[in-house]
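Listed below are the residues making up each chain.
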Amino acid sequence: MRQGTKSVGRGVLFRYPDYLPLTADTPRITLGEGDTPLVRSRFLEKEIGVGELYFKLEGCNPTGSFKDRGMVLAVAKALEAGSRAIICASTGNTSASAAAYGARCGIETLVIVPSGYVAMGKLAQAVVYGARIIPIEGNFDQALQLVRSLAAVHPVTLVNSVNPHRLEGQKTAAFEVVDALDDAPDYLFIPVGNAGNISAYWQGFQEYHKGGQAHRRPKMMGYQAAGAAPIVRGEEVRNPQTVATAIRIGKPASWAKAVAARDESGGAIDMVTDEEILQAYHSLARHEGVFGEPASAASVAGLMKYARNHREIGESRVVCIITGTGLKDTDTAVLGAAPAQPMAPDMKAVERALGWA
Ligand SMILES: *Cc1c(COP(=O)(O)O)cnc(C)c1O
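Residues numbered from 1 in each chain as written. Predicted model: local features only at pLDDT ≥ 70, side-chain atom pairs only at ≥ 80, totals over all residues. Heavy atoms only, no water.

Colleague: Describe the nonpolar core, with residues and values.
Modeller: Residues Phe55, Phe189, Val300 and Leu303 are the most contacted members of the largest nonpolar core, which totals 33 residues. Contributions of two or more residues to this core are made by helix 2 (44-49), strand 2 (52-57), strand 7 (187-191), strand 8 (219-225), helix 12 (274-288), helix 13 (294-309) and strand 10 (317-322). Of the residues forming this core, the biggest block, nine residues, is contributed by helix 13. Residue contacts for Phe55: discarding those within four places in its chain leaves Pro37, Leu38, Val39, Ser41, Leu44, Leu284, Glu288, Val300, Cys320 and Ile322. (Core = buried A, V, L, I, M, F, W, Y, C linked by side-chain atoms within 4.5 Å. Buried < 20%, exposed > 50% of the residue type's maximum accessible area, 1.4 Å probe, protein only. Helix = DSSP H or I, 4+ residues; strand = E, 2+ residues; numbered from the N terminus. Contact = heavy atoms within 4.5 Å.)

Right under this line is the structure:
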């Protein structure tokens with residue numbers, strides 16, 4: 001049995017052992033996931049008119065998205081069960097995370113990806129970590145159906161968020177928010193794709209509330225992309241489309257849990273257009289110095305939309321989850337930006353280019 005390396009207080013299995021389904025036989029693995037920054041807004045808080053606005057920077061996780069929080073536990077439990085391989089369907093970040101923890105633990109990682117709809121940075125991660133990648137001519141929902149069937153008959157552990165350990169690990173982000181603010185915020189804005197993360201946060205807030213670490217629970221505000229909004233529309237979307245590839249999902253696996261989180265918290269699940277997502281994406285980067293991927297910006301786009309009709313948010317404490325780093329999807333980042341012509345390495349020429357001469 002592989003021993004976990006000694007860790008100096010980093011990693012969700014080390015920080016929150018009492019809240020996770022760990023046994024003496026669960027390997028304590030980590031790549032340093034969790035403990036991500038919660039930073040106060042310097043611009044959008046006033047611009048939007050929020051009492052207090054914070055961003056939780058989940059792009060600071062080891063593979064650049066929140067998926068690492070759940071993956072570390074899912075892989076630890078797979079190892080504990082004696083599994084030698086893990087499998088997932090992915091819009092990109094799940095495969096990047098699975099491949100990293102698989103590599104770390106010396107087990108095989110198999111990923112099924114919808115061809116043509118995974119951001120290049122995410123695919124690059126899976127390649128470099130050494131995963132076996134099977135592209136399919138189909139979308140995420142079909143890929144998920146496939147891996148569920150494969151895992152049912154082959155000796156591989158499914159590590160999509162239908163694996164309950166994923167949500168158990170991901171709920172630790174809610175603990176961190178409460179630990180940082182000394183209580184739960186009034187509202188939590190979060191992108192919704194397969195709907196695992198909103199469900200995990202709600203589980204975390206509820207556990208902390210029951211345990212007395214939080215006196216209240218936030219309204220859970222989930223945002224889907226308008227072209228991939230099955231929960232908002234109340235029916236499966238067969239051909240989901242959005243620039244925010246991480247939430248390009250037409251049939252969320254945790255649909256019922258997300259609806260329960262919405263209703264129990266008195267929150268809402270709504271949608272934002274790609275235009276609104278990209279506007280929030282640029283605003284976040286230019287005015288806050290926060291570069292999230294397009295899906296991550298759905299939380300901020302959602303807040304902008306909600307605040308237009310709900311002025312009471314001006315008295316509230318709000319957290320937006322920035323679920324992944326923008327570096328994974330540089331195609332979207334440089335879209336429409338014309339590359340400048342290089343010029344002579346000459347002071348006069350550069351001064352002219354800057355409009356200083
Ligand atoms: C996975 C992911 C989402 C969506 O989370 P779900 O749990 O599928 O709802 C949003 N943003 C990023 C960056 C992701 O990787």
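That was the structure; now back to the text.
Colleague: Tell me about the site of the ligand, and please be specific about residues and values.
Modeller: Lys67, Asn93, Asn194, Asn197 and Thr323 are the nearest of the 16 residues found near the ligand. With respect to the ligand, the backbone of Asn194 contributes an N or O atom lying 2.8 Å from an oxygen atom. Asn197 places a main-chain nitrogen or oxygen 2.8 Å from an oxygen atom of the ligand. A class-by-class count of the residues in the shell around the ligand yields six nonpolar, eight polar and two charged. (Near = heavy atom within 4 Å. Polar contact = N/O pair within 3.5 Å; in protein donor to acceptor, adjacent residues only side chain to side chain. Nonpolar A, V, L, I, M, F, W, Y, C, P; charged D, E, K, R; others polar.)

Colleague: Describe the pattern of salt bridges, naming the residues involved and giving the relevant values.
Modeller: Tallied over the entire structure, the rule returns 19 salt bridges. Residues Arg15 and Asp35 are paired through a salt bridge, measuring 3.6 Å at the closest nitrogen-oxygen approach. With Arg15 in helix 1 (residues 12-15) and Asp35 in the loop between helix 1 and strand 1 (38-40), this residue pair connects regions lying 20 residues apart in the sequence. You can call Arg15 partly exposed: its relative accessible area is 30%. Overall, the relative accessible area of 40% leaves Asp35 in the partly exposed class. A salt bridge links Arg216 to Asp183; the nearest nitrogen and oxygen atoms lie 3.5 Å apart. (Salt bridge = Lys/Arg side-chain N within 4 Å of Asp/Glu carboxyl O.)

Colleague: Requested: an account of the sheet that holds strand 9 (residues 268-272), with residues and values cited.
Modeller: Strand order in the open sheet formed by six strands is 1-2-10-7-8-9, and the pairing between neighbours is mixed. In this open sheet, the two edge strands, each paired with only one partner strand, are strand 1 and strand 9. For this sheet, the mean angle separating the axes of adjacent strands, direction not counted, is 25°. Bridge analysis of strand 7 against strand 8 gives five bridges, and the strand direction is parallel. Note on strand 8: the bridge partner recorded for Phe189 is Met221. Here helix 12 sits on the sheet in contact with strand 2, strand 8, strand 9 and strand 10, set at roughly 90° to strand 9. (Pairing = 2+ DSSP bridges. Axes fitted to C-alpha atoms, helices over the stretch in contact; angles between N-to-C directions.)

Colleague: Could you give an account of the sheet that holds strand 3 (residues 85-89), naming the residues involved and the relevant values?
Modeller: Across the sheet, four strands lie side by side as 5-4-3-6; this open sheet has parallel pairing. Lying at the two open borders of the sheet, with one neighbouring strand each, are strand 5 (132-136) and strand 6 (157-158). Direction of pairing for strand 3 relative to strand 4 (residues 108-114): parallel, over a ladder of five bridges. By the bridge assignment for strand 4, Ile86 is matched with Thr109.

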